[in-house]
Amino acid sequence: MSSCPAFIDLPEEEQIIELRKYLKTTGAEISEENSGAGWITDLMQVIDAMETCWKSPDEAQVEGFLTSVLSLVFITPTAKIDEVVLSLCEKVVKGGDKMKELRLRILNNLYNGVDERSPVRYNVYCAMVKLAGQTNSVDCINTNLEEVQKWMKLWNLDTDKRVNLLRRLLEAFLECKQSETASKAMVELLRSYTEDNASQARDDAHRCIVHHLAQKDMYLVDHLLVLKPIKFLEGELIHDLLTIFVRGSLHNYMEFCKANPDYIEKLGLSHELCIEKMRFLTFLSMSSDNKEIMFDTMEQQLNLTTDEVEAFLIDVVRTQLVQASIDQIQRKVVIRWSQHRTFGRQQWQQLRDMLERWRENLGTVRNNLQQLTPAS
């Protein structure tokens, strides 16, 4: 089998003839002669037939072939570049599990080979994300959401393309089982909707709520309620359930389940996990309002037996949502600090009052120091 180097120094037509010859050796059904319709048309024919190259046992030859294709893509006229890039990305993504590192590298070279402000980068990046998700390689590409937001502005994407890109990122994170990052991507996806199209995000909003509630170590979800697409779900059971997890109690959750049997199961959620999380969240509310909580109160409000209380408190402290100590003799827990379930006007006022007290205390200390300092 002949090698296929990058034919950078050859005229476009001659490069494509060499590429055609190489593809023929891989079993592609393509003529070895150009069509006569121009090198752009011939390049598209090469790209359309290139899927057989993934069967080659020689990865170096495949890389040489793809490098030659890229050299032609980079000089493609602006009027045709979108069509050529989309076709190439499609073929690279459809390579299955073959040469996944090479395919990601080629897409990365394509991405870096076009101007950073070019909208063409959007199509290439979407392909990179899709391929990374399919091959469990999402860590091999830059998926930092802050960076992605900057790129979307740089590429001047409309709302539909922004939604599409963020959804692709979400799918890739889910495929690679990166739940925490997927949660962040879901929120960014919902934020990308505007007031005008938020009602169209119903499925995304529903999915976002279920995903967050299903995460074992995710307790605070009040930030979801302010998202426009989730506001459109007000009055529906899924929104009622979210509201319970934001500010309700274990009792509220159990009453909800009683009124809506099988609903939790239909959502694909674990009823046992939901009970466990609601116990923690109810305790958070209790600890925000009380410096000391008696075991008897916990047993009653959290539906715990006497033997379960201490183990429950140990689990709560492990979440780092609460700092507390257990007084076994007096059968109570002493709260030193607890995380607020929501942070609204009341919490801002409490923060303001605390800062005012600190300022007053610092003023007192300063005055005392001044009184101790001898006059000069």
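Before reading further, recall that the structure is shown in the block above.
A few points on the structure. (Residues numbered from 1 in each chain as written. Predicted model: local features only at pLDDT ≥ 70, side-chain atom pairs only at ≥ 80, totals over all residues. Heavy atoms only, no water.)

Digging into the overall build of the chain
Moving on, step 1. For the chain, the helix and strand inventory stands at 18 helices and 3 strands.
Moving on, step 2. In terms of overall dimensions, the chain has a C-alpha envelope of 90 × 75 × 40 Å along the principal axes.
Moving on, step 3. Counting over 376 residues, the chain shows a buried share of 45%.
Moving on, step 4. Taking contacts inside the chain between residues at least 6 apart in sequence as the whole, the part at least 24 apart equals 62%.
Moving on, step 5. Accessible surface computed for the chain: about 20,800 Å², of which carbon and sulfur atoms make up 47%.
Moving on, step 6. Averaging the coordinates of the 44 positive side-chain charges in the chain and doing the same for the 56 negative ones gives two points 5 Å apart. (Helix = DSSP H or I, 4+ residues; strand = E, 2+ residues; numbered from the N terminus. Buried < 20%, exposed > 50% of the residue type's maximum accessible area, 1.4 Å probe, protein only. Contact = heavy atoms within 4.5 Å. Areas by Shrake-Rupley, 256 points an atom, 1.4 Å probe, with all protein chains shown as cover. Lys, Arg positive; Asp, Glu negative; His and termini not counted. Charge placed at Lys NZ, Arg CZ, Asp CG, Glu CD.)

Notes on the sheet that holds strand S1 (residues 292-294)
Moving on, step 1. In spatial order, the strands read S1-S3-S2; together these 3 strands make up an open sheet with antiparallel pairing. Bordering the open sheet on either side are S1 and strand S2 (322-327), each of which pairs with just one other strand. Strand-to-strand, the axes of this sheet are offset by a mean angle of 25°, without reference to chain direction.
Moving on, step 2. Pairing of S1 with strand S3 (residues 332-338), which is carried by 3 bridges, proceeds in the antiparallel orientation. Within S3, the residue paired with isoleucine 293 across the bridge is valine 333.
Moving on, step 3. Across the sheet, helix H15 (residues 271-289) lies against S1, S2 and S3, angled at about 85° from S3, the strand it touches most.
Moving on, step 4. The strands touched by helix H17 (residues 309-318) within the sheet are S2 and S3, with S2 carrying the most contacts at an inclination of about 155°. (Pairing = 2+ DSSP bridges. Axes fitted to C-alpha atoms, helices over the stretch in contact; angles between N-to-C directions.)

Examining helix H1 (residues 12-25)
Moving on, step 1. Over its 14 residues, H1 runs 20 Å from end to end, which matches the ideal 20 Å to within 8%, given 1.5 Å per residue.
Moving on, step 2. Tucked into the core, H1 has its buried residues touching helix H2 (39-48) and helix H3 (59-73).
Moving on, step 3. Where H1 ends, the next residue or the one after it, glycine 27, has phi of about 95°, a positive value. (Expected span 1.5 Å × (residues − 1).)

Concerning the environment of aspartate 217
Moving on, step 1. As for its position among the elements, aspartate 217 is in the loop between helix H10 (202-214) and helix H11 (228-231).
Moving on, step 2. Given the relative accessible area of 65%, aspartate 217 is considered exposed.
Moving on, step 3. Sequence spacing of aspartate 217 and tyrosine 111 is 106 residues, and the spatial spacing of their C-alpha atoms is 36 Å.

Description of the pattern of salt bridges
Moving on, step 1. This model, assessed by the stated rule, comprises 13 salt bridges.
Moving on, step 2. One salt bridge connects glutamate 51 with lysine 91, and the closest N-O pair in it is separated by 3.3 Å. With glutamate 51 in the loop between H2 and H3 and lysine 91 in helix H4 (residues 78-93), this pair connects stretches of sequence that are 40 residues apart.
Moving on, step 3. For glutamate 51, a relative accessible area of 46% gives the class partly exposed.
Moving on, step 4. The closest approach of N and O atoms between lysine 94 and glutamate 90, which form a salt bridge, is 3.0 Å.
Moving on, step 5. On the accessibility criterion, glutamate 90 (41% relative accessible area) is partly exposed.
Moving on, step 6. Among the ionic contacts, a cluster of salt bridges with common partners joins Asp296, Glu299 and Arg331. (Salt bridge = Lys/Arg side-chain N within 4 Å of Asp/Glu carboxyl O.)

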